[in-house]
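Residue-level structural notes
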Amino acid sequence: VRDQSSIAQARLAQLIDRWWDAWRLEALLQAGLPSSLSSPMQLGHVDTAPTTVRQAVRWSKILPFVMLIWALTGAFYPAVDLCAGEKERGTLETLLSSPARRREIVWGKLLTINVFSIGSALLNLMSMQLTTGMVVRSLAASGTANIADSLGPVPVHALGWLILLLLPMSAFFSALALAVAALARSTKEGQYYLMPLLLVTLPLVGLPMIPSMEMNLGTSLIPISGDVFLVRSLIEGRIAEAMVHLPAVVLMTGFCC
């Protein structure tokens, strides 16, 4: 648990490895054997994946997490204003006394929040696409082409799958935000409810980022996490795996919505 101990262990292991290499080389020379026997094989690393696939895999670990956080925050603040804000302004009573039915009022507010959630996430995705494109071009122009190739801009097909993920998740987040914001008596009180929503949502969104986690029937039935697993598989080109678990993800997402 001590950083100093870890540093000392690394330094000592490095010293022992160097001593062992020197001792082995000296023993071979004394025995009259060629020094190449100490390392008879040189292992090389060849990446067979195309560059576009490597870039897509890197972005598939970042973009769903960031986009769903944008979708949640983009839905929450309009929900607070449409519920607690109307209570403070005194316009909710006027709205309830109109000929519109209660169900129609709720659906109107829900669709409005959903539009803001989708719009917020899409605008941030577009901004990220433009920014990464500019960064990659500047890195390529400055001579660091290796970094530019390894990072690359956001793949276009990844944006399509992310938008497909965004539609049901925005509906789910909008409904949650509307239900939570309806409990608030003021805008200030409503803003306090964002943190519990984030505390519940962040682990579910971050679960697919754990390296040991993979898509199976169990993870497909976890709300939000199953959708992220599915979209990651689609972005990375594992279509067959995604199609196997698609029915479970669709049923769970529909139930949550």
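These notes cover the structure that comes with them. Note on numbering: residues in each chain are counted from 1, in written sequence order. Under the rules for a predicted model, residues below a pLDDT of 70 receive no local features and side-chain atom pairs below 80 are neither given nor counted, while totals for whole chains, interfaces and linings still include all residues. Just so you know, side-chain values use all the structure's heavy atoms and leave hydrogens and water out.

With respect to the environment of Gly190
Take Gly190: it is sitting in helix α8 (residues 187–192). Burial classes follow relative accessibility: with a 1.4 Å probe on protein chains only, a residue under 20% of its type's maximum area counts as buried, one over 50% as exposed, and anything between as partly exposed. Exposure remark for Gly190: the relative accessible area of 1% places this residue in the buried category. A helix here means a DSSP run of H or I that spans at least four residues, while a strand means a run of E at least two residues long, and both kinds are numbered starting from the N terminus.

A word on the nonpolar core
As used here, the term nonpolar core means buried Ala, Val, Leu, Ile, Met, Phe, Trp, Tyr and Cys residues forming a set that is joined through side-chain atoms within 4.5 Å. Counting residues in hydrophobic clusters, the biggest one holds 40 residues, and the most contacted among them are Met67, Leu68, Leu125, Leu162, Phe173 and Ile224. Every element with two or more residues in this core is listed here: α2 (51–60), α3 (63–89), α5 (102–141), α7 (156–181), α9 (194–206) and α11 (225–235). Counting residues per element, this core draws most heavily on α3, which supplies 13 residues. It only takes one pair of heavy atoms within 4.5 Å for two residues to be counted as in contact. Those residues in contact with Leu162, other than ones at most four positions away along the chain, are Leu63, Pro64, Met67, Leu125, Val231 and Ile235. In terms of nonpolar packing, the next biggest core, distinct from the first, is built from six residues, Met215, Phe229, Leu234 and Val249 among them.

Details of the environment of Thr112
Turning to its location among the elements, Thr112 is positioned in helix α5. On the basis of relative accessibility, which here comes to 32%, the residue Thr112 falls in the partly exposed class. Residues Thr112 and Ala75 lie 37 residues apart in sequence; the distance between their C-alpha atoms is 9.1 Å. Here a polar contact is taken to be a pair of N or O atoms separated by no more than 3.5 Å, where protein atoms must pair a possible hydrogen donor with a possible acceptor and residues adjacent in sequence count only if both atoms sit in side chains. A polar contact of 2.7 Å, which involves the side chain of Thr112, links it to the backbone oxygen of Gly108.

Overview of the state of the cysteines
Only a pair of cysteine sulfur atoms within 2.5 Å counts as a disulfide in this structure description. According to the stated counting rule, one finds zero disulfides in the structure shown. Take Cys257: it sits in no disulfide, and the sulfur closest to it among the cysteines is that of Cys256, at 7.0 Å. Cys257 gets classed as partly exposed once you look at its relative accessible area, which sits at 46%.

Re the side chain of His245
Looking at the element boundaries, His245 is found in helix α12 (residues 239–256). Dropping the residues within four chain positions of it, His245 is found in contact with Met215, Asn216, Leu217 and Ser220.

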